[in-house]
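# Chain and residue survey
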Amino acid sequence: MVKGRQGERVRSKSNQYPNTSLVQIEGVNTKEEVSWYQGKRVAYIYKAKVKVSGSHYRCIWGKVIRPHGNTGIVRAKFTSNLPPKSMGSRVRVMMFPSNI
Amino acid sequence: MAKTSRNPDLIRGVGKYSRSQMYHKRGLWAIKAKNGGVFPRHDVQPKSEPPAVKPPKFYPADDVKKPLFNKRKPRPTKLRASITPRTVLIILTGRFKGKRVVFLKQLPSGLLLVTGPFKINGVPLRRVNQAYVIATSTKVNIDGVNVEKFDDKYFAKEVEKKKKKGEGEFFEAEKDDKKSLPQGKKDDQQAVDAILLKSIECVPDLKTYLSARFSLMSGMKPNELVF
């Protein structure tokens, strides 16, 4: 998986749209490079005190939808909106579904 | 044979040929000539009496809706051009993620039949979805490997017979028979792998290549990698 950072929401000056997050994928710096990542699944993994399914770790899955701007930032939609406390945190960009 | 029109569209609704040109193209003149100058007529044949239908004994109380007619035929997913039998694939998910594996054939369900070979990297004969696989350009010679007998039913889960809950059986441990691989499947694996192993050992380094896992190193960008 490729490392990425996420946090900012898609927004205009005074309104934000929390259903879509912006993800910065390491090493991706242009809009053209993003096309490889389009459709790839993204996972936000976090810890919680209460064990769920035998693990303290929890995951919110999402996928890369489209590029955002010209410098390699990417829009990602998750199964549920990412919590605000996760802004700036690590996100894993997977290599599947693969098209190679 | 697909019914193609002899009259290609110039624009939608406007054909290239006129009615008289189409008459000639379709050979209606020839059909007429064959039939003595007139179009062949099919007179209405007297319909045979349908067999007497008994009025049904049972009429449902409410109107029963008929399900919509579905002509869809399931077919296997289209294989990516990069995935051909003999290709080495990299599995991306599951317990074998990162393993390099030899692709044998596509099963009727669309899943890919794949083997480690088991001795090299521990991946047995297994089904894998195309989307969770990267195709490399490495090919392995699989001449002589017989994969005819493997299909989706071979991999189907064994259906456990429902045990009737008797009072006494309730407290008995139901886990007495552990699921171990039937010997038949182990033999199949060895049969396929024996041939594969010979062709793998012919190629230098291929064995170590297949036994090593794929992983992204620091600084590797998957969008720039050539597999």
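In case you missed it, the structure is sitting above this.
A short tour of the structure in this document, coming up. (Residues numbered from 1 in each chain as written. Chains lettered and ligands numbered in written order. Predicted model: local features only at pLDDT ≥ 70, side-chain atom pairs only at ≥ 80, totals over all residues. Heavy atoms only, no water.)

Along chain A, the regular secondary structure elements total 1 helix and 6 strands. Walking chain A from its N terminus toward its C terminus, one meets helices and strands in the order β-β-α-β-β-β-β. In terms of C-alpha radius of gyration, chain A reaches 14 Å, essentially the compact-globule figure of 13 Å for 100 residues. Expressed as lengths along the three principal axes of its C-alpha atoms, the size of chain A is roughly 40 × 40 × 20 Å. Every one of the 100 residues in chain A was classed for burial, and the buried ones make up 38%. Considering only residue pairs separated by 6 or more positions, chain A has 57% of its internal contacts joining residues 24 or more positions apart. For chain A, the exposed area adds up to about 5800 Å²; of that, 51% sits on carbon and sulfur atoms. (Helix = DSSP H or I, 4+ residues; strand = E, 2+ residues; numbered from the N terminus. Rg over C-alpha atoms; globule rule 2.2 N^0.38 Å. Buried < 20%, exposed > 50% of the residue type's maximum accessible area, 1.4 Å probe, protein only. Contact = heavy atoms within 4.5 Å. Areas by Shrake-Rupley, 256 points an atom, 1.4 Å probe, with all protein chains shown as cover.)

Attention shifts here to the interface of chain A and chain B. Between chain A and chain B, the contact holds 13 residues from the first and 17 residues from the second. Between chain A and chain B, a total of about 1200 Å² is buried, with carbon and sulfur atoms accounting for 67% of that surface. Counting across the chain A and chain B interface gives 0 salt bridges. Linking chain A with chain B are 8 residue pairs in polar contact (both at pLDDT 80 or more), by the criterion used here. Per element, the largest residue contribution to the side of chain A that touches chain B is 3 residues, and it comes from helix H1 (residues 31-37) of chain A. (Buried area = accessible area lost by both parts, 1.4 Å probe. Salt bridge = Lys/Arg side-chain N within 4 Å of Asp/Glu carboxyl O. Polar contact = N/O pair within 3.5 Å; in protein donor to acceptor, adjacent residues only side chain to side chain.)

Take the pairing of strand E2 (residues 16-25) of chain A next. Residues and elements named next belong to chain A. When strand E1 (residues 2-11) meets E2, the two strands line up antiparallel, connected through 6 bridges. For Gln6, the partnering residue across the bridge sits in E2 and is Val23. Connecting E1 to the antiparallel partner E2 that follows it, the hairpin turn spans 4 residues. (Pairing = 2+ DSSP bridges.)

Below, the discussion takes up helix H5 (residues 183-202) of chain B. With 20 residues, H5 of chain B ought to run about 28 Å at 1.5 Å a step, and its terminal C-alpha atoms sit 29 Å apart, in line with that. All of the buried residues in H5 of chain B are Asp188, Gln189, Val192, Asp193, Leu196, Leu197, Ser199 and Ile200 of chain B. (Expected span 1.5 Å × (residues − 1).)

Residue and element names in this part refer to chain B. Within the open sheet, the 5 strands sit side by side as E6-E5-E4-E3-E7. Their pairing is antiparallel. Among the strands making up the open sheet, the edge pair consists of strand E6 (126-128) and strand E7 (133-139). Taken over all neighbouring pairs, the strand axes of this sheet differ in orientation by 45° on average, direction set aside. For strand E3 (residues 87-91) and strand E4 (residues 100-106), the ladder comprises 3 bridges, and the chain directions are antiparallel. Among the inter-strand pairings, Ile90 is bridged to a residue of E4, identified as Arg100. (Axes fitted to C-alpha atoms, helices over the stretch in contact; angles between N-to-C directions.)

Turning to unusual backbone geometry, a few remarks are in order. Cis geometry is found at the peptide bond from Phe96 of chain A to Pro97 of chain A, where omega equals -5°. Topologically, Pro97 of chain A is positioned in the segment after strand E6 (89-93). Cis geometry marks the peptide bond from Gly116 of chain B to Pro117 of chain B; its omega dihedral reads -5°. Phi is positive for Ser53 of chain A, close to 55°, though the residue is something other than glycine. Positionally, Ser53 of chain A belongs in the loop between strand E3 (41-52) and strand E4 (55-67). Ser53 of chain A sits in the exposed class, given a relative accessible area of 79%. Despite not being glycine, Arg86 of chain B shows a phi value in the positive range, around 95°. If you trace the backbone, Arg86 of chain B turns up in the loop between helix H2 (28-34) and E3.

To continue, consider a positive patch on the surface. All names here are of chain B. Together, Arg6, Lys16, Arg19, Lys25 and Arg26 give the surface a local cluster of positive charge. Its location among the elements puts Lys16 in the loop between strand E2 (14-15) and helix H1 (19-25). A relative accessible area of 47% places Lys16 in the partly exposed class. (Patch = residues over 30% accessible without salt bridge, like charges linked within 9 Å, V, L, I, M, F, W, Y side chains within 5 Å. Lys, Arg positive; Asp, Glu negative; His and termini not counted. Charge placed at Lys NZ, Arg CZ, Asp CG, Glu CD.)

What follows concerns the packing of aromatic side chains. Applying the stated criterion to the full structure yields 7 aromatic pairs over all chains. A ring pair is formed by Phe150 of chain B and Tyr154 of chain B, whose centres lie 4.9 Å apart and whose planes are at 75°; its orientation type is edge-to-face. Residue Phe150 of chain B shares its accessibility class with Tyr154 of chain B, and that shared class is buried. Through successive ring pairs, a cluster of aromatic residues spans Trp61 and Phe96 of chain A together with Tyr132 of chain B. Above the plane of the ring of Tyr154 of chain B lies Lys185 of chain B, whose end atom (NZ or CZ) is 4.9 Å from the centre. (Phe/Tyr/Trp six-rings, centres within 6.5 Å; stacked < 30°, edge-to-face > 60°. Lys NZ or Arg CZ within 6 Å of the ring centre and 35° of its normal.)

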